[in-house]
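Fold and contact review
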Amino acid sequence: MTTLEITDNSFLRQFETTVNGHLAKIEYSSQERKVFLTKLVIPEEITKEGFKEDFIKAVLNEIQEKNLRVVPTSPQIAGFLRKNRQYKEMLPVGIRI
């Protein structure tokens, strides 16, 4: 996994990283110690193999460091969490994916 520089742009409510001048982002909303990951946007110019997974992992690690729970409302992110059960403990009580 390549280490990505993740920026939490709280004004636009999105986690961002730039690859070769192209901005990839995960939009979110937050409430009561939960982060709702609502939309994953990766420009088609970013074609690096495994980038999507690396980006989602980096954002989840960023959220985990802040001791917050995550609610994936984006189908792509929910699918990632389904396949990567090690992040299951980040889900709030009662949320199943």
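Residues numbered from 1 in each chain as written. Predicted model: local features only at pLDDT ≥ 70, side-chain atom pairs only at ≥ 80, totals over all residues. Heavy atoms only, no water.

**Remarks on a positive patch on the surface**
- Taken together, the side chains of Lys 52, Arg 82, Lys 83, Arg 85, Lys 88 and Arg 96 present a region of like positive charge at the surface.
- Owing to a relative accessible area of 47%, Lys 88 belongs among the partly exposed residues under this scheme. (Patch = residues over 30% accessible without salt bridge, like charges linked within 9 Å, V, L, I, M, F, W, Y side chains within 5 Å. Areas by Shrake-Rupley, 256 points an atom, 1.4 Å probe, with all protein chains shown as cover. Salt bridge = Lys/Arg side-chain N within 4 Å of Asp/Glu carboxyl O. Lys, Arg positive; Asp, Glu negative; His and termini not counted. Charge placed at Lys NZ, Arg CZ, Asp CG, Glu CD. Buried < 20%, exposed > 50% of the residue type's maximum accessible area, 1.4 Å probe, protein only.)

**Topic: the packing of helix α1 (residues 51-65) against helix α2 (residues 75-83)**
- With their axes 11 Å apart at the nearest point, α1 and α2 run at an angle of 85° to one another. Relative to α2, the element α1 is oriented roughly perpendicular. Only Gln 76, Ile 77, Phe 80 and Leu 81 of α2 make contact with α1, whose side of the interface consists of Lys 52, Glu 53, Ile 56, Lys 57 and Leu 60.
- Residue composition of the contact of α1 with α2, grouped by class: five nonpolar, one polar and three charged. (Axes fitted to C-alpha atoms, helices over the stretch in contact; angles between N-to-C directions. Helix = DSSP H or I, 4+ residues; strand = E, 2+ residues; numbered from the N terminus. Parallel < 35°, antiparallel > 145°, perpendicular 65-115°, else oblique. Contact = heavy atoms within 4.5 Å. Nonpolar A, V, L, I, M, F, W, Y, C, P; charged D, E, K, R; others polar.)

**Considerations on the UniProt feature "domain: N-acetyltransferase" (unreviewed entry) in the protein**
- Per the UniProt record, the feature "domain: N-acetyltransferase" (unreviewed entry) sits at residues 7-92.
- As a span, residues 7-92 carries 28% helix and 36% strand, and end to end its C-alpha atoms are 24 Å apart. (UniProt positions renumbered as here; feature names shortened; annotations may be inferred.)

**Considerations on the packing of aromatic side chains**
- For the coordinates displayed, the defined rule picks out three aromatic pairs.
- Taken together, a centroid distance of 4.8 Å and an interplanar angle of 35° make the contact between Phe 15 and Tyr 28 tilted. Of this pair, Phe 15 sits in strand β2 (residues 14-19) while Tyr 28 is found in strand β3 (residues 22-31), placing the two residues 13 residues apart along the sequence.
- Judged by centre distance (5.6 Å) and plane angle (15°), the rings of Phe 51 and Phe 55 are stacked. Linking Phe 51 with Phe 55, this pair stays in helix α1, spanning four residues, or about one helical turn. (Phe/Tyr/Trp six-rings, centres within 6.5 Å; stacked < 30°, edge-to-face > 60°.)

**Observations regarding the nonpolar core**
- Counting residues in hydrophobic clusters, the biggest one holds 26 residues, and the most contacted among them are Phe 15, Ile 26, Leu 37, Phe 55, Leu 60 and Ile 63.
- Every element with two or more residues in this core is listed here: β2, β3, β4 (34-41), α1 and α2. (Core = buried A, V, L, I, M, F, W, Y, C linked by side-chain atoms within 4.5 Å.)

**Thoughts on the pattern of salt bridges**
- For the structure shown, the criterion picks out two salt bridges.
- Of the charged contacts, one joins Asp 8 and Lys 66 as a salt bridge, the two residues approaching to 2.9 Å between their closest N and O atoms. Pair noted here: Asp 8 is in strand β1 (residues 7-9) and Lys 66 is in the loop between α1 and β5 (69-72), with a separation of 58 residues, a long-range link.
- Taking relative accessible area as the criterion, Lys 66 reaches 37% and is therefore assigned partly exposed.
- In this structure, Glu 27 and Lys 25 form a salt bridge, with 3.6 Å as the shortest nitrogen-oxygen distance.

**Things to note about the sheet that holds β3**
- Taken in spatial order, the five strands line up as β1-β2-β3-β4-β5 in an open sheet, and their pairing is mixed. What marks the edges here is a single partner per strand, and that holds for β1 and β5. In this sheet, neighbouring strand axes are inclined to one another by 30° on average, regardless of whether the strands run parallel or antiparallel.
- Across three bridges, the pairing between β1 and β2 is antiparallel. Bridged to Thr 7 within β2 is Glu 16. (Pairing = 2+ DSSP bridges.)

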